[in-house]
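For reference, the chains in residue letters:
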Amino acid sequence: MTVGHALLGLLEGGPAHGYDLKRSYDERFGQDRPLAYGQVYSTLARLLKNGLVEVEAEPGAGPERKKYAITQAGVSDVAAWLAQPEKPEPYLQSTLYTKVVLALLTGHDADDLLDTQRAEHLRLMRDLTRRRDTGDLADQLICDHALFHLEADLRWLEVTAARVQQLAAQVRG
Amino acid sequence: MRRWLTDLSLGVRLSVGGGRSGWARLALIADGVGLGVTMLLVAASIPPVLDARTDRAAARSVESGQTLTPGAPTLLTAEVRSVFHDAAINGRLLQPESDDAPLPPGVTRQLAPGDVVLSPALERLLASDDGAALRGRWGDRVVGTIGAEGLAGAGELTFYLGTDRLTDETANRIQSFGGATTPEEGLSPVLMLLALVGIVVLLLPVAIFVSTAVRFGSESRDRRLAAVRLVGADVGATRRIAAGETLAAAVLGLAVGGLLYLAVRQTAGYLVPGNLSFYPADFRPVPALAALVVVLVPVTTVLVTLSALRQVLVEPLGVVRRGSERRRRLWWRLVFPVLGLVLLHPLVTGLDDALGTQVMIVAGLVLLLTGVALVLPWLVEATVRRLGPGGVAWDLAVRRLQLDSDTAVRAVSGIAVSVAGLIALQGLVGAIGALTAGSQADTSTYQASVLDISGGAGADEVWARELAQARGVTAVGTLTSVWAAPDGPSGGSGGADDEGLLIDSGTCEVLAQEAQLDSCADGDVFVVLPDGATAPAPGSEFLLGGSRQGGSDDGGDGAGAGALAPWTLPASAKEVAPPEGGVTALNGGGPPRILVTPGALDGASLEPMSVTTYVALDPAEPDALDHLRTAAAQVDPVAYASPIEQRGISAALGGIRQVLLVGTVALLVMIGASMLVNVVEQLRERRRLLAVLVAFGTRQRTLSGSVLFQVAIPVVLGLALAVVTGSVLALALQVAVQAPLRFDWVGVGTTSGAAALVVLLTTAAGLPLLWRLTRPEGLRSE
Amino acid sequence: MADEPLLIAENLQLSFGSTTALEHATAEVHAGEVLALMGPSGSGKSTLLHCMAGILLPDAGRVTYAGRDLTAMHDDERSALRRTEFGFVFQFGQLVPELTCLENVALPLRLGGASRRAALRSAEAWLERLEVSDVAGKRPGQASGGQGQRVAVARALVTRPKVVFADEPTGALDTVNGDRVMQLFVAAARDTGAAVVLVTHEPRVAAHSDREAVVRDGRVRQQELVR
């Protein structure tokens, strides 16, 4: 329901055409994945059906020139959404975790795994850092978000690798 | 109370529980306090040493003027004063008049004529290569050693020589040694002043040093206290903890001081000049003073710690220095020296030995010298603020001093106070020396003289003959003095000549030693007129050859009473001035003297009252003077041989100088130690920064230079202040003893030079640590 | 990267007493390259940096800078090299507390023999470039941590060194300040064409680099993988 809430939020600033909505969504949130035009309309249609938006018909305009406005119900829906905490992502079933466990089970070097993964992570982090340092505030916030997550992955890997060595030493000892 | 104890003990635990650096700090403070305690204990031991010396000197003293009949266990004795090199050797002639005659303390047997017993120090001196010119001075029949109970100190040079030539007139007859014979001899105001100044000058820096030592490593201590604050201690508790820490160090310092004191006790007797030496057993502190040291030192250290803590704000998150941005004010710092000068006014207006005056002078000195320590921080701050940019090393040093000159100044204030005091003291000693020395005597013809006050017929010939044979003697000339009593009616008018006067006869060369002669030929007669004396009228008649008391009563007994010769002062007698700078000139006044050449006496053979033999010495023979003394002693042990030119200062002052030197060296060593600690501490604190600077490629030269400048700038300022204060004080002291004012360039130069050298050496000694600290390990984050 | 590396450390071996700090450590930096040395605490990454900078001498192995063997140089020569060709940024405590920030930046130039006036003038320009002109007259103690590190960066770059060695330059800073310092640092270093050897344990800081090498137990691991 995130795209819907995003559109609703954007509409709080004032009524807008579907195309304008897509553009402002892409500007703010669509860093990597621009919103498909069709998805905008299907989402708006659903919001319309639920009574969260209404159409301000413009005289002599086709369906593409419909102007959408948020309803009172829509406003309270956005407020409720913002007030409700997001469920923290548990990341309990990450691939990395699986790989480490498997490496351990199959007797592979966990340090190698870490190094390879770090190289890969750092490559991405470098790109993100460059983009952040050259981009605008939105870029910076988005990139930082990603950078922190990637860093968290690496930290976890490092801690795990250290523990794996401890464990291995214990097993061997 | 319980909280107090808890906090104090926590402080003690923190100080020893702080790992290596904690122990290092503790050891530094303990050593510093220990050095101070040692100095104080040494000072407290001086009275017992003096007492013991006085007691033993009294036990062997000789009471004069007793009327005793010879034979009943009696002894004739006379004092012998001699000198070897610069050391005084005072001995006694003993002439027992029966087998059970009294023995001086430390001597176990009666001495036959020619027997000599020596003090161990004199025995060693005689046996040494150095003592060649001394051998045989009192014969060579050494029959024993004087025991400790007969000596003032282990290093004393003295002897007893058996003789058979003493008479009632030349010696004292006694029945026993010692007794309350020496009247209580009050110190002269001059010597008292010297002692007071000396004590203040040597002990005040100790106080400064101890208070400096307590602050060793205080910055890391403050950080530790901040950590204690973080876990909930309040300000009061931090103070008590700090006090406990200091107390632990101070108590340890007392122990260190006690040990050092014991070491000093064993060695100090050998460091002072022989005639001031003492036995280690006598060297023990006055119990009351020792107790005072034991109580006052820890209390002082705690007080210093607490007052130092007032300067900083120990907060849970760190230490804030109070008022570091505030400029120092001058006016209240000037109160001390100004007050000191006011208290010292008796120096200029007149000295007496009243207790009040002494207290005033000591207080004045303390205030004035403390004033140096107080004005110095201001001076350094004010100067450093105005210093311009220079090289990198200079800039680093100046900037550091601008930000915080406290630490540097603290170390230097001890030096400044000591140097100021020492300069004053040396000025005083030098002035006293100048006062007692007949400075500009004429030494072009003769360099030494031997005075024989017993005289006797033919004495002049004996002296001339014997002394001419001494090694290093190139020429001799004798001056014989005869008593001239006024004769007949011509002397009746009253005046100096009423009582008679001395007529000295000798060659023109000899007479030139006694007066300023413009021209002289055989047959001339001169009248020496000191200021204010009236010349005897030409044509006055005298009877020559009597003895001084010689009126009609004793005249008959006198050795040569029969040989009185009438003599008339010729009209051709010239009035001349006393010798320049001579003793007579200084004393002023005095009776007139008549100098005659042999031709003016018409060959009358007179019995001299005294004979002065002038001797020319071979400058190539370094020990000529001592060979002369030995030769003179062999003729008559009581004759006094001395150089004409007083060697600057008399023997006693030489001793004081030596003590002063030992004190100065001890002081400088102490200061050097504290400087070293300071340098090391500052380097340690900045080890990381130093390592970074080296990583940057900073040359070691630059770093050493900055360390050196950092030390040198305050030291130069401190020494300048010290020289000014010390010189002013020296001048005031010179006024006090009515000595001619002079500025002792050499003394000032050597004292401040030595102090500067100490600083330089200690800083240099700190440099190896600098190299060690600047190794890359310092870069590791702590 | 076809050109010859500017600074090469080969097979470095170093122990402090019984602990081995480096064991066959090999690393290289090209001109203008930013190399991150990563690894856990105590892995030997700082020691490697000190060896590469000629501060520490390895027991065995060789460090070559622009064709010159650092390990064979006299101490004075290495000092001169550090003064003229290298720059340094450390985690903390590197600024002389008595000097103003401006004077701190001017210090390396003055150590190199520049006149006081000229040194201060370029120092001013560098402070401006790192956006800390406002602390020029203040002492380091009066500047914030981030400002202090920027001053340190300015000081490292003021001599226009060929290599800047940075040991956890943001270690004592929060994320925002640390990022800003790294951003300004790397940008300025790239502008002057300086290579950077950056020791860090933080991946986010390492992300400012062109390449990373991982040090573990005194060995450089990643180097082998790249080949």
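Everything that follows concerns the structure shown earlier in this document.
Residues numbered from 1 in each chain as written. Chains lettered and ligands numbered in written order. Predicted model: local features only at pLDDT ≥ 70, side-chain atom pairs only at ≥ 80, totals over all residues. Heavy atoms only, no water.

Enquirer: Run through the state of the cysteines, naming residues and quoting values.
Expert: Residue and element names in this part refer to chain B. Going through the model one piece at a time under the given rule, you end up with one disulfide over all chains. In this model C508 forms its disulfide with C520; the gap between the sulfur atoms is 1.9 Å. Between C508 and C520 the sulfur-sulfur dihedral comes to about -80°; the bridge is accordingly left-handed. In this pair, C508 sits in helix α14 (residues 508–511) while C520 sits in the loop between α14 and β12 (525–528), placing the two residues 12 residues apart along the sequence. The class for C508 is partly exposed, based on a relative accessible area of 22%. Judged by its relative accessible area of 26%, C520 is partly exposed. (Disulfide = S-S within 2.5 Å. Helix = DSSP H or I, 4+ residues; strand = E, 2+ residues; numbered from the N terminus. Buried < 20%, exposed > 50% of the residue type's maximum accessible area, 1.4 Å probe, protein only.)

Enquirer: Quick one: what's the story with the sheet that holds strand β2 (residues 53–56) of chain A, residue by residue and with numbers?
Expert: All names here are of chain A. With antiparallel pairing, the three strands of this open sheet are ordered in space as β1-β3-β2. Strands at the two margins of the open sheet, each flanked by one partner only, are β1 (16–17) and β2. The pairing of β2 with strand β3 (residues 67–70) spans four bridges and is classified as antiparallel. From the neighbouring strand, E56 faces β3, where its bridge partner is K67. On top of the sheet, helix α1 (residues 2–11) reaches β1, β2 and β3; it is set at about 90° to β3, its chief contact. (Pairing = 2+ DSSP bridges. Contact = heavy atoms within 4.5 Å. Axes fitted to C-alpha atoms, helices over the stretch in contact; angles between N-to-C directions.)

Enquirer: I'd love a proper account of the interface of chain C and chain B, names of residues and values included.
Expert: Opposite the 28 residues of chain C that make contact, chain B presents 28 residues. In this assembly, chain C and chain B are joined by four salt bridges. Note that R400(B) is salt-bridged to E98(C), the shortest N-O span being 3.1 Å. Connecting chain C to chain B are nine residue pairs in polar contact (both at pLDDT 80 or more). Those elements that provide at least two residues to the side of chain C that touches chain B are α1 (45–52), α2 (75–84) and α3 (101–111) of chain C. Looking at the side of chain C that touches chain B, the element that brings in the most residues is α3(C), giving five residues. Its residues assigned to classes, the side of chain C that touches chain B shows 13 nonpolar, seven polar and eight charged. (Salt bridge = Lys/Arg side-chain N within 4 Å of Asp/Glu carboxyl O. Polar contact = N/O pair within 3.5 Å; in protein donor to acceptor, adjacent residues only side chain to side chain. Nonpolar A, V, L, I, M, F, W, Y, C, P; charged D, E, K, R; others polar.)

Enquirer: Got a sec to walk through the environment of L109(C)? Specific residues and values, please.
Expert: Residues and elements named next belong to chain C. By secondary structure assignment, the location of L109 is in helix α3. Assessed through its relative accessible area of 16%, L109 is described here as buried. Expressed as a C-alpha distance, the spacing of L109 and T159, which sit 50 residues apart in the sequence, is 6.1 Å. Sequence-distant contacts of L109, that is, excluding residues within four places in its chain, are made with A114, A119, S122, V158 and T159.

Enquirer: Hey, could you go over the interface of chain C and chain A for me, with residue numbers and the actual values?
Expert: Opposite the 19 residues of chain C that make contact, chain A presents 19 residues. Taken over both partners, the interface formed by chain C and chain A buries close to 1700 Å², and the fraction arising from carbon and sulfur atoms is 48%. In terms of surface lost to chain A, no three residues of chain C exceed P203(C), R204(C) and R216(C), which account for 30% of the buried area on that side. Of the charged contacts in the structure, one is a salt bridge between R204(C) and E151(A), with a shortest N-O distance of 2.6 Å. For the pair chain C and chain A, the number of links is four residue pairs in polar contact (both at pLDDT 80 or more). Sort the elements by how many residues they give to the side of chain C that touches chain A and strand β9 (residues 211–216) of chain C lands first, with four residues. (Buried area = accessible area lost by both parts, 1.4 Å probe.)

Enquirer: Help me get a handle on the packing of aromatic side chains, residues and values and all.
Expert: Residue and element names in this part refer to chain C. Here the structure, examined in full by the defined rule, presents 11 aromatic pairs over all chains. Taking the centre distance of 5.5 Å and the plane angle of 20° together, the rings of F88 and F165 count as stacked. One end of the pair, F88, is in strand β6 (residues 86–89); the other, F165, is in strand β7 (residues 163–167), with 77 residues separating them in the sequence. Judged by relative accessible area, which is 0%, F88 ranks as buried. (Phe/Tyr/Trp six-rings, centres within 6.5 Å; stacked < 30°, edge-to-face > 60°.)

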